[in-house]
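Chain and residue survey
Chain residues, written in single-letter form:
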Amino acid sequence: MHASPSAETLSAVESATPLVEMRSVVKKFGHNTVLDRVDLQVNAGEVVVLLGPSGSGKSTLCRCVNRLETIDDGEILVDGRPLPLEGRELAELRASVGMVFQQFNLFPTMTCLDNVTFAPRHVLGRSRDQAEAEAKDLLNQVGIADKCDQLPAQLSGGQQQRAAIARALAMRPRLMLFDEPTSALDPEMIGEVLAVMRQLADSGMTMLVVTHEMGFAKSVADRVVFMDGGHIVEQSDPSKFFSHARTERARAFLRQVGERG
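Residues numbered from 1 in each chain as written. Predicted model: local features only at pLDDT ≥ 70, side-chain atom pairs only at ≥ 80, totals over all residues. Heavy atoms only, no water.

**Some points on the overall build of the protein**
Along its length, the protein carries ten helices and ten strands. If one aligns the C-alpha atoms of the protein with their principal axes, the spans along those axes are about 55 × 45 × 40 Å. The burial tally for the protein puts 49% of its 261 residues in the buried class. Expressed as a percentage of contacts within the protein between residues at least 6 apart in sequence, the contacts between residues at least 24 apart total 67%. (Helix = DSSP H or I, 4+ residues; strand = E, 2+ residues; numbered from the N terminus. Buried < 20%, exposed > 50% of the residue type's maximum accessible area, 1.4 Å probe, protein only. Contact = heavy atoms within 4.5 Å.)

**A closer look at the confidence of the model for the protein**
For the protein, the average pLDDT comes to 90, and 93% of its residues sit at 70 or higher. Across residues 4–15, where pLDDT falls below 50, the model places two contacts with residues more than four positions away in sequence or in other chains. (pLDDT = per-residue confidence, 0-100.)

**Points about the packing of aromatic side chains**
The geometry of an aromatic ring pair is captured by the separation of the ring centres together with the interplanar angle, meaning the angle of the planes. This structure, assessed with the given rule, holds four aromatic pairs. Centroid distance Phe226 to Phe241: 6.0 Å. Interplanar angle 35 degrees. Geometry classified as tilted. Placement of the pair is Phe226 in strand β9 (residues 223–228) and Phe241 in helix α9 (residues 238–244), with a sequence separation of 15 residues. With respect to class, Phe226 is no different from Phe241; both count as buried. (Phe/Tyr/Trp six-rings, centres within 6.5 Å; stacked < 30°, edge-to-face > 60°.)

**Quick look at the pattern of salt bridges**
One pass over the structure, following the stated rule, counts 16 salt bridges. The salt bridge involving Arg174 is made with Asp79; its shortest N-O contact spans 2.1 Å. With Arg174 in the loop between α6 (157–169) and β7 (175–179) and Asp79 in the loop between β4 (73–78) and β5 (81–82), this residue pair connects regions lying 95 residues apart in the sequence. Where Arg172 meets Glu134, a salt bridge forms, and the shortest distance between an N and an O atom there is 2.5 Å. Here Glu134 lies in helix α5 (residues 128–141) and Arg172 lies in the loop between α6 and β7, a separation of 38 residues in the sequence. Residue class for Arg172 comes out exposed when judged on its relative accessible area of 53%. It is possible to trace a salt-bridge network through shared partners that takes in Glu21, Arg23 and Glu75. (Salt bridge = Lys/Arg side-chain N within 4 Å of Asp/Glu carboxyl O.)

**With respect to helix α10 (residues 248–256)**
Turning to α10, its buried residues are Ala250, Phe253 and Leu254. Taken around the axis of α10, the buried residues stretch over an arc of 95 degrees, which confines them to a single face. Phi for Gly258, located one or two positions after α10, is positive at around 85 degrees. (Arc of directions from axis to C-beta.)

**Some details on the sheet that holds strand β6 (residues 97–100)**
Strand order in the open sheet formed by six strands is β6-β7-β8-β3-β9-β10, with mixed pairing between adjacent strands. Pairing within the sheet leaves two strands with one partner each, and these edge strands are β6 and β10 (231–236). Each neighbouring strand pair of the sheet contributes to a mean axis angle of 20 degrees, computed without reference to strand direction. With four bridges connecting them, strand β3 (residues 47–51) and strand β8 (residues 206–210) associate as parallel partners. In the sheet register, Val47 faces β8, and the bridge partner there is Met207. Lying over the sheet, helix α7 (residues 187–202) contacts β3, β7 and β8, oriented at roughly 145 degrees with respect to β8. (Pairing = 2+ DSSP bridges. Axes fitted to C-alpha atoms, helices over the stretch in contact; angles between N-to-C directions.)

**Here we look at the environment of Gln159**
Within the fold, Gln159 resides in helix α6. Separated by 34 residues in sequence, Gln159 and Val193 have C-alpha atoms that sit 8.2 Å apart. Aside from chain neighbours lying at most four places away, what touches Gln159 is Ile144, Lys147 and Glu192.

**A few points about the pairing of β8**
Of all five residues that make up β8, five are buried, and the element is covered over most of its length. Neither face of β8 is open: one carries Thr206, Leu208 and Val210, the other Met207 and Val209, and all of them are buried. Looking at chain direction, β7 and β8 are connected through five bridges and run parallel. The partner of Asp179 across the bridge, within β8, is Val210.

Below, the structure written as structure tokens:
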């Protein structure tokens, strides 16, 4: 977990506009209410981890932040401005909000390098040389610099996910969303992806992470948000949540996943 901020830092953060703010957000799929009047703030530089049982609304919440899912009621603000509905403003928002999915979603016929350079060249207007230089730096940062010329099918699952992280970072996002980024990986590959995510957190990247990796939540999160049934049941810093969860629902969840609660 990050070093505890000073009182002055906390005061500055509290007075600043949150990078992401959800106000009474409702999301329904048919008659099923997946998010039920959810309020959440994510401050710049903060790592917020969403925990909860399957079907609690975590992934849907994450996907609503960059409007991959549209909400039925309430409001989402990014940098104090309402989420754009469509068009150029929405494209600009998505360029500034990176997302890493359970499945890697790499272009299968493009090399690793081309996957990372595609959006900077075609969305941001980078030259090929500039995009490739930045992509190689990012692939080195995530530990797969030697895989530039390989296709996704030639990479392990962990390498593909690290390429997906590099692709998201190539857009120089202000916020990174991770939707269970290790759930499709074999156990030995999970650690290499979590290590990259730890490096990102240490660099000050704002992160909203849906995960079942309790060790990551304990050691990297600034705040744990526990969801159940479309509601935020409780939220606190990791040490308090894992040692003294306030609600019985959270304590039951921690017992189920083998953590004390």
